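Structural description and commentary
Take a look at the letters that make up each chain.
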Amino acid sequence: MAEAASGLERVTAAAKQAPGRGLPPVHLWNPAHCGEIDIVIKRNGLWFHEGTPIGREALVRLFSTILRKDPDGIYLVTPVERMKITVEDAPFVAVRVDREGEALKFLTNVGDVVEAGPENAIRVEMNPATGEPHPYLHVRRGLEALIARPVFYELVELAEERETPDGPRLGVTSNGVWFPVGPAKAHQV
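Scope of this entry: the structure provided in the associated data block. Computed from a prediction, not measured in an experiment: that's the story for all the values here.

**Side note on the sheet that holds strand β5 (residues 73–77)**
One open sheet holds the six strands; their spatial order is β3-β2-β1-β6-β5-β4, and the pairing between them is mixed. The two strands at the open ends of the sheet, each matched to only one other strand, are β3 (52–53) and β4 (67–70). In this sheet, β5 lies alongside β4 in antiparallel orientation, the contact comprising four bridges. Bridge pairing in β5 places leucine 67 opposite leucine 76. The strands touched by helix α2 (residues 57–64) within the sheet are β1 (33–41), β2 (47–49), β4 and β5, with β2 carrying the most contacts at an inclination of about 95°.

In structure tokens:
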């Protein structure tokens, strides 16, 4: 366990060294050292290390800025290390949405503000077994936020019907892009 703790300490120290303001350029970093660290991001957005919740919001926010999605998983990346973590669903949760002019602005559980639009799509997958919607928002570089249920309900209230090749469908518009929020004819049942 001391090794894992020192891994967490190394990642924390390296993340704090990240240059400048805003998000570090994790997409440009290709560190030689790669391993795994016992960090799990639960479906509800809570972060755990070795089975214990990470209670410091500032630390979770810091780690969220060095997340990178690679073809084989999600990693915490610094200039010197790339450590694979476990993500149960999406690494972020969209906990609020506001309509500001032509834009839908979302707030994530780690403090990111994301405008839906051409660069940040809203997508809704339907669970084939239960028929439940699983809505997501692209946040950055392939990383998504699960849209929390109350926020999804707000989107549905904002939705307008459009005719599609599959039939009438509800969707929302943000920054000139229309995003369906459910399957065709679902709102007519």
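Next comes the rest of the account.
**Looking at the packing of aromatic side chains**
According to the stated counting rule, one finds one aromatic pair in the structure shown. Seen from the ring of tyrosine 75, arginine 82 lies directly overhead, with NZ or CZ sitting 4.0 Å from the centre.

**Topic: the pairing of strand β12 (residues 143–147)**
By the criterion of burial, β12 is predominantly enclosed, with five of the five residues buried. In β12, alternate side chains face the same way, and those of Leu143, Ala145 and Ile147 on one face and Glu144 and Leu146 on the other are all buried. Here strand β7 (residues 92–100) pairs with β12 via three bridges, running parallel. Each bridged residue has a counterpart across the sheet, and for phenylalanine 92 the counterpart in β12 is alanine 145. One ladder, built from four bridges, connects strand β11 (residues 133–140) with β12; its direction is antiparallel.

**Structural notes on the side chain of histidine 138**
The residue histidine 138 is located in strand β11 in this model. A polar contact is formed between the side chain of histidine 138 and the backbone nitrogen of arginine 141, at a distance of 3.5 Å. A polar side-chain atom of histidine 138 sits 2.9 Å from the main-chain amide nitrogen of glycine 142. Beyond its immediate chain neighbours, meaning those up to four positions away, histidine 138 contacts Val114, Glu119, Asn120, Ala121, Leu143 and Glu144.

What counts and how
Residues numbered from 1 in each chain as written. Predicted model: local features only at pLDDT ≥ 70, side-chain atom pairs only at ≥ 80, totals over all residues. Heavy atoms only, no water. Pairing = 2+ DSSP bridges. Helix = DSSP H or I, 4+ residues; strand = E, 2+ residues; numbered from the N terminus. Contact = heavy atoms within 4.5 Å. Axes fitted to C-alpha atoms, helices over the stretch in contact; angles between N-to-C directions. Phe/Tyr/Trp six-rings, centres within 6.5 Å; stacked < 30°, edge-to-face > 60°. Lys NZ or Arg CZ within 6 Å of the ring centre and 35° of its normal. Buried < 20%, exposed > 50% of the residue type's maximum accessible area, 1.4 Å probe, protein only. Polar contact = N/O pair within 3.5 Å; in protein donor to acceptor, adjacent residues only side chain to side chain.

Geometry only, nothing functional implied.
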